[in-house]
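Residues per chain are reported as follows:
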Amino acid sequence: VQLQASGGGLVQAGGSLRLSCAASGRTFSRYAMGWFRQAPGKEREFVAAISWTGGSTNYADSVKGRFTISRDNAKNTVYLQMNSLKPEDTAVYYCAAVYGSSLYATLREYDYWGQGTQVTVSS
């Protein structure tokens, strides 16, 4: 599976962005997907995950109620809708895939990673 993240940019605090992650391959619907982020000087951290059907999701406490992960298996794409953005959301955002139905919040569980897209939130 190859992953291509897009949709990052510069936005003011309180604004919104929608990230997309397009996946290659015919078995996208068999992969759980996750979003992670890495701010300068910090470790990569979990943001959100979604099951292969889209029926289950999981979020980091820091983004609950502001971010929404979704997927369209017909388009081989997973999304991250980010609302009420804060300066502390500034980071490079990565999408990741793991084969199977389980949701994971740890990096080591994921098999495939996209290249990352920069999100910058100004105050």
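Just so we're clear, the structure is a prediction, and the values are computed from it rather than from any experiment.

Right, let's talk about the overall build of the chain for a bit. Along its length, the chain carries zero helices and 11 strands. Each helix and strand of the chain, ordered N terminal to C terminal, gives the series β-β-β-β-β-β-β-β-β-β-β. In summary, the chain has a C-alpha radius of gyration of 13 Å against a globular reference of 14 Å for 123 residues, a match within 12%. Projecting the C-alpha coordinates of the chain onto the three principal axes gives extents of approximately 40 × 25 × 25 Å. Per-residue burial over the chain gives 44% buried out of 123 residues. In the chain, the proportion of contacts linking residues at least 24 apart, taken out of those at least 6 apart, comes to 58%. Carbon and sulfur atoms provide 44% of the accessible area of the chain, an area that totals close to 6200 Å².

This brings us to the state of the cysteines. Under the definition given, this model contains one disulfide. Shown here is the disulfide that connects Cys21 with Cys95, its sulfur atoms set 2.1 Å apart. The chirality of the disulfide connecting Cys21 with Cys95 is right-handed, given an S-S dihedral of about 65 degrees. Separated by 74 residues along the polypeptide, Cys21 in strand β3 (residues 17-23) and Cys95 in strand β9 (residues 91-99) bring together distant segments of the chain. In this structure, Cys21 and Cys95 share a single accessibility class: buried.

What follows deals with the pairing of strand β11 (residues 117-122). Across the two faces of β11 the burial differs, with Thr117, Val119 and Val121 buried and Gln118, Thr120 and Ser122 not buried at all. For strand β2 (residues 9-12) and β11, the ladder comprises four bridges, and the chain directions are parallel. When the bridges of β11 are listed, Gly9 appears paired with Val119. Sheet topology places β9 next to β11; three bridges connect them, and they run antiparallel. Bridge pairing links Tyr93 to Thr117 in β11.

With eight of nine residues buried, β9 is to be regarded as a mostly interior element. Two elements, strand β4 (residues 31-38) and β9, share eight bridges in a ladder whose sense is antiparallel. Bridge pairing in β9 places Phe36 opposite Tyr94. Two elements, β9 and strand β10 (residues 112-113), share two bridges in a ladder whose sense is antiparallel. Bridge pairing in β10 links Ala96 to Trp113.

It is worth spelling out the nonpolar core at this point. Where a protein is soluble and globular, its nonpolar side chains tend to be buried together. If you look at the biggest cluster of nonpolar residues, it comprises 37 residues, and the most contacted ones within it are Met33, Trp35, Leu80, Met82 and Tyr93. Put simply, the parts of the chain that give this core at least two residues each are β1 (3-6), β3, β4, β5 (45-50), β7 (67-72), β8 (77-82), β9 and β11. Sort the elements by how many residues they give to this core and β9 lands first, with six residues.

Reading the values: the criteria
Residues numbered from 1 in each chain as written. Predicted model: local features only at pLDDT ≥ 70, side-chain atom pairs only at ≥ 80, totals over all residues. Heavy atoms only, no water. Helix = DSSP H or I, 4+ residues; strand = E, 2+ residues; numbered from the N terminus. Rg over C-alpha atoms; globule rule 2.2 N^0.38 Å. Buried < 20%, exposed > 50% of the residue type's maximum accessible area, 1.4 Å probe, protein only. Contact = heavy atoms within 4.5 Å. Areas by Shrake-Rupley, 256 points an atom, 1.4 Å probe, with all protein chains shown as cover. Disulfide = S-S within 2.5 Å. Pairing = 2+ DSSP bridges. Core = buried A, V, L, I, M, F, W, Y, C linked by side-chain atoms within 4.5 Å.

All we've got here are geometric facts, nothing functional implied.
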